[in-house]
Amino acid sequence: QKVRYTMASEAATDGIPEDVASMWKTLDPAIRAALIASESKEAADEKKEASGGGAEGRRAKASDGPRMDDTPKFIGGDSFIKRTSNPQWIKVRSNVYDAIKERRQQELDTKVPVDIEVTMPDGKVLSADKEGNKYQSWRTTPFDVACTISRGLADSTQVARVTYTAFVSDYDPAEDGMGGVDLDEAMGELSIEDSSDEKNKMTMLWDLSRPLVGNVSKMEFLKFDDDSDARTAFWHSSAHVLGEALERLYGSRLTIGPPLAGGFYYDAYMGESGSDGAFKEDDYKAVEAEVQKIVKQKQKFERMVVTKEEALEMFEGNPFKEQIISTKVPDGSRTTVYRCGDLVDLCRGPHLPNTGRIKAFAATRHSATNWLGDTDNDSLQRMYGITFPDKKMLKVWKENQEKAKERDHRRIAAKQELIMFHELSAGSAFWLPHGARIYNKLINFIKEHYWTRGYDEIITPNVYNLDLWHQSGHAMHYKDAMFCFDVEGQEWAMKPMNCPGHCLMFAGKIRSYRDLPLRFADFGVLHRNELSGALSGLTRVRRFQQDDAHIFCREDQIEQEVLGALDFMKSVYTTFGMTYKLELSTRPKKALGDIELWNRAEAALARAMDEFAGKGGWRENPEDGAFYGPKIDIKVMDAMERVHQCATIQLDFQLPIRFGLEYNTGMKEEGKQFARPVMVHRAMLGSVERMFAVLCEHYGGKWPFWLSPRQVMIVPVHKEWNDYCQKVRDRLHDEGFYADVDLSKATFQKKVRNAQVDQYNFQLVVGKAEVENGTVNIRTRDNKVEGEKKVEDLIAYLKELQAEHK
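In this report, we go over the structure that sits alongside the text. All of these numbers come straight from a predicted model, not from anything done at the bench.

When helices and strands are counted, the chain shows 23 helices and 35 strands. Taken across its 806 residues, the chain has 51% of its residues classed as buried. In the structure as shown, the chain presents an accessible area of about 37,600 Å², 49% of it carried by carbon and sulfur atoms.

Take a look at the structure:
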């Protein structure tokens, strides 16, 4: 009898019963893979039927889980009539907040403080402040602990990362607003977790001003310069400050205001589309001035827990907040709000201690958008901002923004005639001859590494029956981002990734332990159905290629394969002249698979990173791994010190299970004849299109010789030497170099200047002496004269540059 699992039900939030989990684990792996594939397909079909079928290839506009789209499309109404400074409803909301705060204080008064200990990353245990006062639950904050070490540390820290040993007996996460399900991250997957392993569940970001609620086994103080979580908290707090300014100045009805990778924004309802409430560039100065007032007031960020009913009362009159509360906060549960100054906002936090930590602010741009990203919903106004804990940092940022405009890959690619786009194939680049030269050089560069590093190149289909994606699990979560179509009554799709096809190839024959590791490399063309509004040059496209490879290895080979991939990555980015940082992203709360396998794999990755970068040469990113395995995140920095996520190394325990992959272990003992391989997803460039854009801006269009689409321009001083110049050009071409000769009627000086502007690496000047001597006179694009050189010597020199990627 089939064991049925509800994998995609919006109501299935309870844990898997122990007896069912046990039965599941005893099933043959191939049967498990078949059941998962079958269930995935059935759930997807039910979802499609429930939604009326939908349009093929449509894009999702709201996450799975409780939905907001059953409500009227236009909800803003007269909640905003016209721009009004300091509207009365701000005072009403504050009064409701104060009344609820009294109730929460009464609850807090019932808590009994107990002595606690805090362990620092170096193992040092702290239990009292400098005056000898004991640390206590419900009283001591991370700020207090930081002050015990030094006031400077406390003042420079943005947020704490806390790992609890255990909570005190009178602390209840649900009562504290921490028990709700994060529906945006909820997974429709079968998750069998070991409830005895509490490590990941006990690590969380914590406000510096929020009292601790138990013994802490590890406390980290996160700073803006050193930690992405610190920057996220800093910019999230800044978004609240921006929201407060918008409410004060215009009476804006705030919707959502998230942090971004570099800054933040706030969306606000400012009346119906076309009204005079819309943001204008003239608003920037007023907003910046208001933010400065808020910053100078050093308003405290105050966290408070509220019930669903209290939240609805507090945000009465803001239909957008009301909708979020009604649909996303479960009945009978609690959530949290934060107050700074006049602003009260729904938020999980954490936040800065006070607004005074923000030393520099700039409103950067504005745009129109729609509620929930759906063009059928209310029109909203979005304002973007950037902040820093130091005014000098803002100055540097503005300088880099100007450089970024000059280096924008779209501008450079158009000027150098590298790519073009057309509305008849939006999101797919047309690679012009000179752009294709760079594209192919990047691919060949990786292929050279493949040859020396033991990879086998393969070629896989571009289209598959959708059953493949049901088996892999991608159809469940990813179908809306796939191009799907009918083939003889069955649903097919263009592949958005290569890994399932590689699994089919591994399963195509019986594999032995002697065959491993297998390293399959694939430059297959991929397609993803990105929203048209999200398309942006080469950084977000619908058609692309990856230097995609999958390594199938034994568990005991993980460490060596990861070391090889890290060495591969180092070689690539050293060649590009880029630096990098490494992060180990560990098991998330929704991880699938055997806990012990996760622990062994994470330990192998840590050992590999220690050997590669040295202890302390990388950082751990707790709970940020993929649900199917831990990963190494590689953050690379370009010439403008911008961070890019391009390369990746990820372990995958789940696809081998879904596809029933096994290899012969060579053992005779019953039950040990076959074992499951571990799959390593790895890419060095990532998307070739995106890497092209990154390198274009990194080099500012001044391509290094080995990668340049215009390497040599030959410039005759007089037309008498045109034939000689053409022969030199042909000789260079035969040796594989991109060489041109300028036979135009422009002056000599103009020809040299044009070649330099067009970013030819070298100009070879030819006059009477060069013709007689069989030489050329070399200049660089920076107008440095390198002198006369024999043509054959020049070729040898250029070959050296090419071979050494200089």
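Next comes the rest of the description.
Turning to the packing of helix 16 (residues 558-576) against helix 17 (residues 595-613), a few remarks are in order. Put simply, helix 16 and helix 17 touch, their axes get as near as 9 Å, and they point 40 degrees apart. With respect to their mutual orientation, helix 16 and helix 17 come out oblique. Between helix 16 and helix 17 the crossing geometry is right-handed. On the side of helix 16, the interface is formed by Ile558, Glu559, Val562, Leu563, Leu566, Asp567, Met569 and Lys570, while helix 17 contributes Ala601, Ala604, Leu605, Arg607, Ala608, Met609, Glu611 and Phe612. For the contact of helix 16 with helix 17, the class distribution of residues is 11 nonpolar, no polar and five charged.

On to the sheet that holds strand 31 (residues 712-716), then. Think of a sheet as strands paired side by side through backbone hydrogen bonds, with each pair either parallel or antiparallel. Taken together, the five strands give an open sheet; going across it, the order is 32-31-33-34-35, and neighbouring strands pair in mixed fashion. Of all strands in the sheet, those bounded by a partner on one side alone are strand 32 (739-741) and strand 35 (785-790). Recorded for the sheet is a direction-independent mean angle of 25 degrees between the axes of neighbouring strands. One ladder, built from five bridges, connects strand 34 (residues 775-780) with strand 35; its direction is antiparallel. Bridging across to strand 35, threonine 775 finds its partner in lysine 790. With respect to the sheet, helix 20 (residues 722-734) is in contact with strand 31, strand 32, strand 33 (762-766) and strand 34, its orientation differing from that of strand 31 by roughly 165 degrees. This element, helix 21 (residues 748-757), spans strand 31, strand 33 and strand 34 of the sheet and lies at about 175 degrees to strand 31.

Moving on, we come to the pattern of salt bridges. Scanning the entire structure with this criterion turns up 49 salt bridges. Among the ionic pairs, glutamate 107 bridges to arginine 104, the shortest N-O distance being 3.4 Å. With glutamate 107 and arginine 104 both in helix 3 (residues 88-108), this residue pair falls three residues apart, about one helical turn. Residue glutamate 107 is classed as partly exposed on the basis of its relative accessible area of 24%. One salt bridge connects lysine 799 with glutamate 735, and the closest N-O pair in it is separated by 2.9 Å.

Right, let's get into the packing of aromatic side chains. Scanning the entire structure with this criterion turns up 33 aromatic pairs. Between phenylalanine 576 and tryptophan 706, the ring centres sit 6.4 Å apart and the planes meet at 10 degrees, which makes this aromatic pair stacked. Taken together, the positions of phenylalanine 576 in helix 16 and tryptophan 706 in the loop between helix 19 (688-699) and strand 31 put the pair 130 residues apart, joining distant regions of the chain. Joined through ring pairs, the aromatic side chains of Trp138, Tyr164, Phe167, Tyr171 and Trp206 make up one cluster. Geometry around tyrosine 250 places arginine 83 over its ring, the cationic atom sitting 4.4 Å from the centre. Above the face of the phenylalanine 506 ring, arginine 511 is positioned so that its terminal group lies 5.3 Å from the ring centre.

Attention now moves to the side chain of histidine 240. Structurally, histidine 240 can be placed in helix 6 (residues 228-250). Sequence-distant contacts of histidine 240, defined by excluding residues within four places in its chain, comprise Phe301, Tyr338, Cys340, Leu343, Asp345, Cys347 and His351.

With that out of the way, let us pick up unusual backbone geometry. Outside of glycine, negative phi angles account for most residues, and trans bonds account for most peptide bonds. Between glycine 349 and proline 350 the backbone carries a cis peptide bond, its omega angle lying at 0 degrees. Summarising the element assignment, proline 350 is placed in the loop between strand 11 (343-346) and strand 12 (360-370). For the peptide bond that leads from leucine 516 to proline 517, omega is 5 degrees, which places it in the cis range. With respect to the helices and strands, proline 517 occurs in the loop between strand 20 (511-512) and strand 21 (518-522). Phi is positive for glutamate 417, close to 55 degrees, though the residue is something other than glycine. Its location among the elements puts glutamate 417 in the loop between helix 11 (409-415) and strand 14 (419-420). Among the residues examined, glutamate 417 registers a relative accessible area of 51% and is labelled exposed.

Rules used throughout
Residues numbered from 1 in each chain as written. Predicted model: local features only at pLDDT ≥ 70, side-chain atom pairs only at ≥ 80, totals over all residues. Heavy atoms only, no water. Helix = DSSP H or I, 4+ residues; strand = E, 2+ residues; numbered from the N terminus. Buried < 20%, exposed > 50% of the residue type's maximum accessible area, 1.4 Å probe, protein only. Areas by Shrake-Rupley, 256 points an atom, 1.4 Å probe, with all protein chains shown as cover. Axes fitted to C-alpha atoms, helices over the stretch in contact; angles between N-to-C directions. Parallel < 35°, antiparallel > 145°, perpendicular 65-115°, else oblique. Left-handed = near helix turned anticlockwise from the far one by under 90°. Contact = heavy atoms within 4.5 Å. Nonpolar A, V, L, I, M, F, W, Y, C, P; charged D, E, K, R; others polar. Pairing = 2+ DSSP bridges. Salt bridge = Lys/Arg side-chain N within 4 Å of Asp/Glu carboxyl O. Phe/Tyr/Trp six-rings, centres within 6.5 Å; stacked < 30°, edge-to-face > 60°. Lys NZ or Arg CZ within 6 Å of the ring centre and 35° of its normal.

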